[in-house]
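# Observations on chain architecture
So you can see what is in the structure, the chains are spelled out below.
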Amino acid sequence: MTREERYEHGMKVLEQVDGEAGQRIVNSLADTSPELGHQVVAWAFGDMYARPELPPRDRQLVTLGVLAALGGCEIELEVHINAALNVGLAPTEIAEALLHSAVYCGIPRSINATLVAKKVFAERGLLPITNVA
């Protein structure tokens, strides 16, 4: 594929997964690092997210765990929590994934990620979440 074809393919995947939130991230990079925006679309979505070996919902679970573990990724977490909902994850599954992340990345990072999820869930009218064992 040409550079432009990879970008166009990536935009289709980005729209399916992230909707408007992903496009806002790309747009926010346009005047500072348009090449980074291009790589997010062409490589991250056109090449990586489009791979058939994992379905989109599983890719989002992996992404949420990694972003929670990294810490300081609240903007990306917001985008990917929305994406997780867009590809069929239930709010309880997202909350459970972020709870599970506490075991591996620590409670403070799990709390930070969960508070981002709370913001997204509130914006989408999905609160309260009840996943009491």
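Described in the following lines is the structure provided in the data block. Keep in mind it's a predicted model, so treat the numbers as computed, not measured. (Residues numbered from 1 in each chain as written. Predicted model: local features only at pLDDT ≥ 70, side-chain atom pairs only at ≥ 80, totals over all residues. Heavy atoms only, no water.)

Quick look at the overall build of the chain now. Check the secondary structure of the chain and you find seven helices and zero strands. Beginning at the N terminus, the succession of helices and strands in the chain can be written as α-α-α-α-α-α-α. In terms of overall dimensions, the chain is globule-like: its C-alpha atoms have a radius of gyration of 15 Å, near the 14 Å expected for 133 residues. Each of the three principal axes of the chain carries a C-alpha extent, and together these read 50 × 30 × 30 Å. Taking all 133 residues of the chain together, 35% fall into the buried category. Surface summary for the chain: the accessible area is close to 7,700 Å², and the carbon and sulfur share equals 60%. In the chain, 11 side chains carry a positive charge and 17 a negative one; their mean positions are 3 Å apart. (Helix = DSSP H or I, 4+ residues; strand = E, 2+ residues; numbered from the N terminus. Rg over C-alpha atoms; globule rule 2.2 N^0.38 Å. Buried < 20%, exposed > 50% of the residue type's maximum accessible area, 1.4 Å probe, protein only. Areas by Shrake-Rupley, 256 points an atom, 1.4 Å probe, with all protein chains shown as cover. Lys, Arg positive; Asp, Glu negative; His and termini not counted. Charge placed at Lys NZ, Arg CZ, Asp CG, Glu CD.)

Structurally, the position occupied by glutamine 60 is in helix α4 (residues 56-70). Residue classification places glutamine 60 among the buried residues on the basis of a relative accessible area of 0%. Beyond its immediate sequence surroundings of up to four residues, glutamine 60 is in contact with Val17, Tyr49, His80, Ala83, Ala84, Val87 and Leu89. (Contact = heavy atoms within 4.5 Å.)

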